[in-house]
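# Architecture and fold: a report
Next come the chains, spelled out residue by residue.
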Amino acid sequence: MSGIWRAFISLVQRDLLLAFRHRGELINPLLFFMIVVTLFPLGVSPEETLLRTLAPGVIWIAALLSALFSLESMFRSDFDDGALEQMALSPQPLPVLVLAKVLAHWLVSGLPMLMMAPLLALLLAMPGTGIQALELTLLVGTPLLSLIGSIGVALTVGMRRGGVLLTLLVLPLYVPILIFATNAVTAAVAGLPYDGQMYFLAALLALAMTLSPFATAAALRISLS
Amino acid sequence: MCCVRGEATLFEQLDFALTAGEALQVEGANGSGKTSLLRILSGLTLPDEGEVRWRGASIMERRAEFHGQLAYLGHHLGLKLELTIEENLRLALGIRSVCAASRLRSVLEAVRLDHRVDLPVRALSAGQRQRVALARMLLSEAKLWILDEPFTSLDSAGVVLVQTLAEEHLLRGGVMVLTSHQTVSLNGRLRKLELA
C-alpha cells in the first residue's frame, strides 16, 4: 500500500514541478477565464440587474471552456517523450497514476479558477449567497471536469490533431454539470435552497472519481499500443 | 522463461524462450518488426496471436509482478527535459516505488554523469540523455532489460559502457533482449534472432 502512495505522491510532485517550470503556460487557462468574464460587462451591458442574471452562466461557461482548453496538455508531453510508456510499464496500477495526474492537473488549472471566481462574481454584481454557491459548485464541478476530460484526452492523445474530436467527445458529458451548477447558483441568488443540485453534482463526482481512472487507464493503454 | 508466438503481419510462428543469464539480439531490416516485437515482449502492445510468459505465467495476468522486474528503454527515453538529472531519476523511480537515493551517486558515476546532476536534461546531448536513461534502468533493479537500439547516439566509450553493464547484468542472472544494427559482443552468452 505504501508503494502505491509513494508512486502517487511522486507523480503529483513531478507534475507540479513541471508546471512550475512552465509558469507561462500555467497562467493561460486562468487568463482566458478572466478575460471572457471581464469582457461581458463591456460587451453586453454594465447594467447590474442584467449582469446578475447572466453571472452564473457566464462564469461557469468560461470555467468550462478554460478547462477544456487546458485538458489537451494533460497527457500530451508524457505521450510525446515516452514518459507515458514508462508509466504504463510501472509495477503500480495505472488508474492510481492517472488519478495522480488528474489531481495535479486540477491543482494547476481548476484551483486557480476557484480562487479567482469570487472576484469575478463581484464584478458581475453577484450577491454574497450566490458567491458562496458558486464556490461550492466550482469546488465540486471543476474536479469533475478534469476527471471526465481525462477519458477524452486519453482516447485522443495518440492523434496529431485530436483537439476537435476531444471537444466533441467531452462537451456532451460536460452539459449536465453546467446545467446543475448554474441552476444551483441561480437558485442561491434567488434565495432558494440548492441542496438538490449540489447532491447531484456530488454524486457525479463520486461516480467519476471511482470509475473514470479505470476508463482513462484503459484508453491510455489503447493509445499506447 | 519467456515465450512468444507470432504477430500475423510482421512475423508468424515465432517461438523462443530465454533463461537467466541469457541475452537475445533481435536482428532484421528496417520495418521487419523489431520494435513491435519488443513492445509485445514488454506488454505495451498485445500480440495478435499467442502470448508472452514470464516465469510460467502470462504477463497480462501478472502485470504488476512482471513490470516490477522489467526495464524498457524505447526510442523515446521518457525523460523530462525541464527537470534535472537527479529530479528525473528520483521521481521516475518514485513512480515505480523504488527507493534509489542511496545508490544514485554510484550509478551516476558508473554512467559518468556524476558531475552534472543539477543540469536540466534539456542541456544534455543525445548521448548523455541516453546515459541518464541507462542510469534509471540500473536503479530500477530490473531482472529483464528490453532495449531498443541502445547504442544510437552513444560515443564509442558509451558503447563499451553499455556492453560492460549488460555483461554484469547477465552475470547477476539477468535477462536481456535488445535490437541493434551493431555487432554486440557479450562473451558468448548472446543468442540471435533474425526477423525476415
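Residues numbered from 1 in each chain as written. Chains lettered and ligands numbered in written order. Predicted model: local features only at pLDDT ≥ 70, side-chain atom pairs only at ≥ 80, totals over all residues.

What follows deals with the interface of chain A and chain B. Each partner contributes residues to the interface: chain A has 25 residues there, and chain B has 24 residues. Of the residues forming the side of chain A that touches chain B, the biggest block, 10 residues, is contributed by helix α1 (residues 2-21) of chain A. Class assignment for the residues of the side of chain A that touches chain B results in 11 nonpolar, 9 polar and 5 charged. (Contact = placed C-beta atoms within 7 Å. Helix = DSSP H or I, 4+ residues; strand = E, 2+ residues; numbered from the N terminus. Nonpolar A, V, L, I, M, F, W, Y, C, P; charged D, E, K, R; others polar.)

Turning next to the environment of A:L122. Residues and elements named next belong to chain A. You can see L122 is positioned in helix α6 (residues 94-123). Using a count of 13 C-beta atoms within 10 Å as the deciding quantity, one classes L122 as partly exposed. Once the C-alpha coordinates of L122 and Q13 are considered, the two residues, 109 residues apart in sequence, prove to be 34 Å apart. (Buried ≥ 20, exposed ≤ 12 C-beta atoms within 10 Å, placed from the backbone.)

As a further point, take the confidence of the model for chain B. Note: predicted coordinates in regions of low pLDDT should not be interpreted at a detailed level. With 94% of its residues at a pLDDT of 70 or more, chain B has an overall mean of 83. With a pTM of 0.90, the predicted complex shows an ipTM of 0.87. (pLDDT = per-residue confidence, 0-100.)

A word on the sheet that holds strand β7 (residues 190-195) of chain B. All names here are of chain B. Spatially, the 5 strands line up as an open sheet ordered β4-β5-β6-β1-β7, and their pairing is parallel. Whereas interior strands pair on both sides, the edge strands pair on one side only; in this sheet they are β4 (70-73) and β7. Between one strand and the next, the sheet's axes are offset by a mean angle of 15°, whatever the strand orientation. As judged from the 5 bridges shared by strand β5 (residues 144-148) and strand β6 (residues 175-179), these two strands associate in the parallel manner. (Pairing = 2+ DSSP bridges. Axes fitted to C-alpha atoms, helices over the stretch in contact; angles between N-to-C directions.)

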